[in-house]
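# Chains, contacts and geometry: an overview
Chain residues, written in single-letter form:
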Amino acid sequence: MQINATFLGQGIAFAILIWFSWKFIWPPLMRAIEERQQKIAEGLAAADNSQKALAQAQEKVNDELKAARAKANEIIEQAHQRANQIIDAAKAEAIAEGARQKALVDSEIEASANRAREDLRRQVSLLAVSGAEKLLRREIDPAAHKALLDELAAEI
């Protein structure tokens, strides 16, 4: 193998090509590769962070659902208690109303009985007066008979 000018020219051209590639082509190419690797790494990190955030959000949603269910059960329990209170109040009010109605009826019965007694007394006194009148017609002393009738009416 002979070293001649062609070989030397090709060597120099190859060395210039290597230097040119090393100086102007290789750095942007390496920057692009490094940027690409960095973007991929950031994407993977973001995906991991997103997975973690999703898991945290899911846990938070589950906790909120549990809290909402507990609150709903508490509200339902309070509603049941309030319904029972309303029912008990209505029962007590109905009992009080029944007692009031019974007292009213009892007082009406008592008043009717008193009126009947008074009517009976009047009728008895009228009968007594009528009987006494018949007796008095046979006897002449009206003042003595009047005293007897008043005494009789007071006794009845």
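Residues numbered from 1 in each chain as written. Predicted model: local features only at pLDDT ≥ 70, side-chain atom pairs only at ≥ 80, totals over all residues. Heavy atoms only, no water.

The name that an unreviewed UniProt entry assigns to the protein is ATP synthase subunit b, with the source organism given as Luteimonas endophytica. Its UniProt record gives the protein the following Sequence similarities (unreviewed entry) comment, quoted word for word: "Belongs to the ATPase B chain family." (UniProt positions renumbered as here; feature names shortened; annotations may be inferred.)

### A word on the UniProt feature "transmembrane region" (unreviewed entry) in the protein
Per the UniProt record, the feature "transmembrane region" (unreviewed entry) sits at residues 6–26. Between the C-alpha atoms that bound residues 6–26 the distance is 27 Å, and the span itself is 100% helix and 0% strand. (Helix = DSSP H or I, 4+ residues; strand = E, 2+ residues; numbered from the N terminus.)

### With respect to the UniProt feature "coiled-coil region" (unreviewed entry) in the protein
Annotation from UniProt places "coiled-coil region" (unreviewed entry) at residues 47–93. Secondary structure across residues 47–93 divides into 100% helix and 0% strand, with the first and last C-alpha atoms of the span separated by 67 Å.

### Thoughts on the packing of aromatic side chains
Using the criterion set out here, one finds 3 aromatic pairs in the structure. Seen in terms of ring centroids, Trp19 and Phe24 are 6.0 Å apart; in terms of plane orientation they differ by 90°. Their pairing is edge-to-face. The exposure class of Phe24 is partly exposed, given its relative accessible area of 46%. Each member of the aromatic cluster is reached from another via a ring pair, and the members are Trp19, Phe20 and Phe24. (Phe/Tyr/Trp six-rings, centres within 6.5 Å; stacked < 30°, edge-to-face > 60°. Buried < 20%, exposed > 50% of the residue type's maximum accessible area, 1.4 Å probe, protein only.)

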